[in-house]
Amino acid sequence: LRLTEQGKRVYAHAVSIFFFFLKLEKTLEGMAERGMELLIGVYHIPAQYLMPALLDHLQRLCPSLRVRMILGTQAESLRRLSQHEVHCALVADTGQKEQFKALPICRDRLLLIAAQNSSWISSSQIVAKELNHIPLLLPQQGTGILAKIEHFLKQHQVEPQVAMADISGDVSKQSIDRDAG
């Protein structure tokens, strides 16, 4: 059995990933042996959707390690990381701060969400310029998703009508259901 050239490249990456996780496991075991806890700064979206699986995996990997999530906005998580109050932070964007080493673990897509029978959107697709005439509900300050939305709007020269800003996901859902934007 022989590997193709591409197979050799994939194998080399797989070996480096294996050694990375082996090193991580040893680091976590060392923390557990010293009675330390792993402190992770996280904002509400990854706390709700990503952290349960990550915590479960960490528990299986190193059962004696204590892990604590420190909830806050993305900006608060980055501040805590820069002040060494947490060991790592799960954020959407570092905000051009070069003091952090970032490892992308997934890619987000921006989706425009509206009520099923929205009076604001009449088709299944729109062009960016149409956002000038649709009231938008913008997420809380300090979230990575807000930075991505603002970048998108600026890139497409959209000056949106902001119906509500600095709102939580729950308020957004209720407002969308009422066709407020």
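Residues numbered from 1 in each chain as written. Predicted model: local features only at pLDDT ≥ 70, side-chain atom pairs only at ≥ 80, totals over all residues. Heavy atoms only, no water.

(A) Just the packing of aromatic side chains, in detail. Counting across every chain of the model gives 2 aromatic pairs. Arranged with centres 5.4 Å apart and planes meeting at 80°, the rings of Phe20 and Phe21 form a pair that is edge-to-face. Classification of Phe21 as partly exposed rests on a relative accessible area of 43%. (Phe/Tyr/Trp six-rings, centres within 6.5 Å; stacked < 30°, edge-to-face > 60°. Buried < 20%, exposed > 50% of the residue type's maximum accessible area, 1.4 Å probe, protein only.)

(B) Summary view of the sheet that holds strand 3 (residues 88–90). If you walk across this open sheet you meet the 3 strands as 2-1-3, and the pairing is parallel. Both edges of this open sheet fall to strand 2 (66–71) and strand 3, since each of them pairs with a single strand only. The sheet shows a mean angle of 30° between the axes of neighbouring strands, taken without regard to direction. As defined by bridge partners, strand 1 (residues 37–42) adjoins strand 3 across 3 bridges and the pair is classed as parallel. Each residue of the ladder has a partner; that of Ile40, found in strand 3, is Cys88. Packed onto the sheet, helix 4 (residues 74–82) meets strand 1, strand 2 and strand 3 and runs at close to 165° relative to strand 3. (Pairing = 2+ DSSP bridges. Helix = DSSP H or I, 4+ residues; strand = E, 2+ residues; numbered from the N terminus. Axes fitted to C-alpha atoms, helices over the stretch in contact; angles between N-to-C directions. Contact = heavy atoms within 4.5 Å.)

By themselves, these are just geometric observations and shouldn't be taken as functional.
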